[in-house]
Amino acid sequence: MGRRPNSADPAISPPPSPQREIRRARAELSFDDQSLLVPLFGQFDANLVQVENRLGVFISARGDKVLLEGPEDSVARARDVLQAMYGRLARGEELDSGAIESLIAMSNEPTLEGIISGESDGPPVMIRTRRKTIVPRSAGQIPYMRQLARDELIFALGPAGTGKTYLAVAQAVSQLITGSVQRLILSRPAVEAGEKIGFLPGDMKEKVDPYLRPLYDALYDCMPPEQVERHLMSGVIEVAPIAFMRGRTLADAFVILDEAQNTTREQMKMFLTRFGQNSRMVVCGDPRQVDIPGGDKMSGLADAVGRLEGLEGIAVSRFTAADVVRHPIVGRIVEAYEGKDA
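So, here's what we can say about the structure. Bear in mind that the values here come from a model prediction, so they are computed numbers and not experimental data.

1. Description of the packing of helix 6 (residues 141-150) against helix 7 (residues 164-178)
For the pair helix 6 and helix 7, interaxial distance at closest approach is 10 Å and the crossing angle is 35°. In the packing of helix 6 onto helix 7, the handedness of the crossing is right-handed. In this structure, helix 6 uses Gln141, Tyr144, Met145, Leu148 and Ala149 to contact helix 7, whose residues at the interface are Lys164, Leu167, Ala168, Gln171 and Gln175.

Structure below.
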């Protein structure tokens, strides 16, 4: 038990004034399509429990109606999140714990519906692929997705888990499906020094594949596996280390460079000058995670952004820990490391 308050004790703060007290609120929602209620609520109401725990509200479901109770701001956020969850299901999109977590994170924004559907005077912000329709899962992804559809060269900078590479691959797949480009070329630095590759077993493809695995994972998430394999065999999709880009002109292609912070200035210049007719390039990386000898001063990513930002047709998107769309703990880890290094 705590001590009894003593008016003479300077360690005891006065009780909060009525103006500072948290205002309580109630809200009721109803949903027209009852067939969506089971996936909306989740097994054993797991989805509702997730929203309750994260936003500090009480949710009770009765038939097609949901009652929300709690602090006024939290109730408003929970209402927006539930409406956004229902909207995803109504559009045929997936609703898992990760998607719900992202919607909860985005509920801090002024208008959650605006984030998902786009501005009232513009089209919805989304990417359609063979396997799914992708919508923004953080505030930072909105301008990035617009840049992917509009600009010729995009630099995407920020920590892991913000969707930089995944969204770039999704946009590339979407443009391949529509015929806007004829090829997808996905690349990243494999190792710091070429001789290290010799210690790995197998042929060249088997040696570099482990370094390119994240790009394959994004591909398989956006296209049926058999289609990915067919395109890889035919060369429509190419996944290769950056060294394989030298001497080529990449026309009619969507080209993605991942982990670009680990390129040297010479490698970055070589890569960017591969740009060909009717091509699109996306360069993804985290400037705070440079692994090459010499560190930040030798990184081709920082050098390129410094030289090219502001030029016509070139866009830069910067993500922060607030845009991390993996497990919530990833965002907290990123914040902790960035705060320590600052």
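2. Things to note about the environment of asparagine 262
On the secondary structure map, asparagine 262 appears in the loop between strand 9 (253-257) and helix 10 (265-272). Asparagine 262 sits in the buried class, given a relative accessible area of 14%. A C-alpha to C-alpha distance of 8.8 Å links asparagine 262 and methionine 298, two positions 36 residues apart in sequence. Setting aside its immediate chain neighbours within four residues, asparagine 262 contacts Pro189, Gln267, Gln289, Val290, Asp291 and Ile292. A polar contact of 2.6 Å, which involves the side chain of asparagine 262, links it to the backbone nitrogen of aspartate 291.

3. Describing the nonpolar core
Of all hydrophobic cores here, the largest spans 36 residues; its most connected members are Tyr144, Leu184, Leu219, Val239, Ile256 and Val282. Listing elements by their share of this core, those giving two or more residues are helix 6, strand 6 (153-157), helix 7, strand 7 (183-188), helix 8 (204-222), strand 8 (237-241), strand 9 and strand 10 (280-285). Discounting chain neighbours no more than four positions away, the residues touching leucine 219 are Val169, Val173, Leu184, Leu186, Val228, Ile237 and Val239. Membership of the second largest hydrophobic core comes to 27 residues, among which are Val57, Ala99, Ile100 and Ile104.

4. So, unusual backbone geometry
Positive phi outside glycine occurs at phenylalanine 44, with the angle close to 55°. Secondary-structure assignment places phenylalanine 44 in the loop between helix 1 (37-41) and helix 2 (46-55). Look at phenylalanine 44 and you get exposed, because its relative accessible area is 76%. At asparagine 278, a position not held by glycine, the phi torsion is positive, near 55°.

5. Examining the side chain of glutamine 261
In this fold, glutamine 261 is placed in the loop between strand 9 and helix 10. A polar contact of 2.8 Å, which involves the side chain of glutamine 261, links it to the side chain of glutamate 259. Beyond its immediate stretch of four places on either side in the chain, glutamine 261 contacts Cys284, Gly285, Asp286, Pro287, Gln289, Val290, Ile292, Ser299 and Leu301.

6. With respect to helix 10
Residues of helix 10 that are buried: Met268, Met270, Phe271 and Leu272. Looking at the buried side of helix 10, the elements it contacts are strand 6, strand 9, strand 10 and helix 11 (300-308).

Rules behind the numbers
- Residues numbered from 1 in each chain as written.
- Predicted model: local features only at pLDDT ≥ 70, side-chain atom pairs only at ≥ 80, totals over all residues.
- Heavy atoms only, no water.
- Axes fitted to C-alpha atoms, helices over the stretch in contact; angles between N-to-C directions.
- Helix = DSSP H or I, 4+ residues; strand = E, 2+ residues; numbered from the N terminus.
- Left-handed = near helix turned anticlockwise from the far one by under 90°.
- Contact = heavy atoms within 4.5 Å.
- Buried < 20%, exposed > 50% of the residue type's maximum accessible area, 1.4 Å probe, protein only.
- Polar contact = N/O pair within 3.5 Å; in protein donor to acceptor, adjacent residues only side chain to side chain.
- Core = buried A, V, L, I, M, F, W, Y, C linked by side-chain atoms within 4.5 Å.

Shape is all these values report; function is a separate question.
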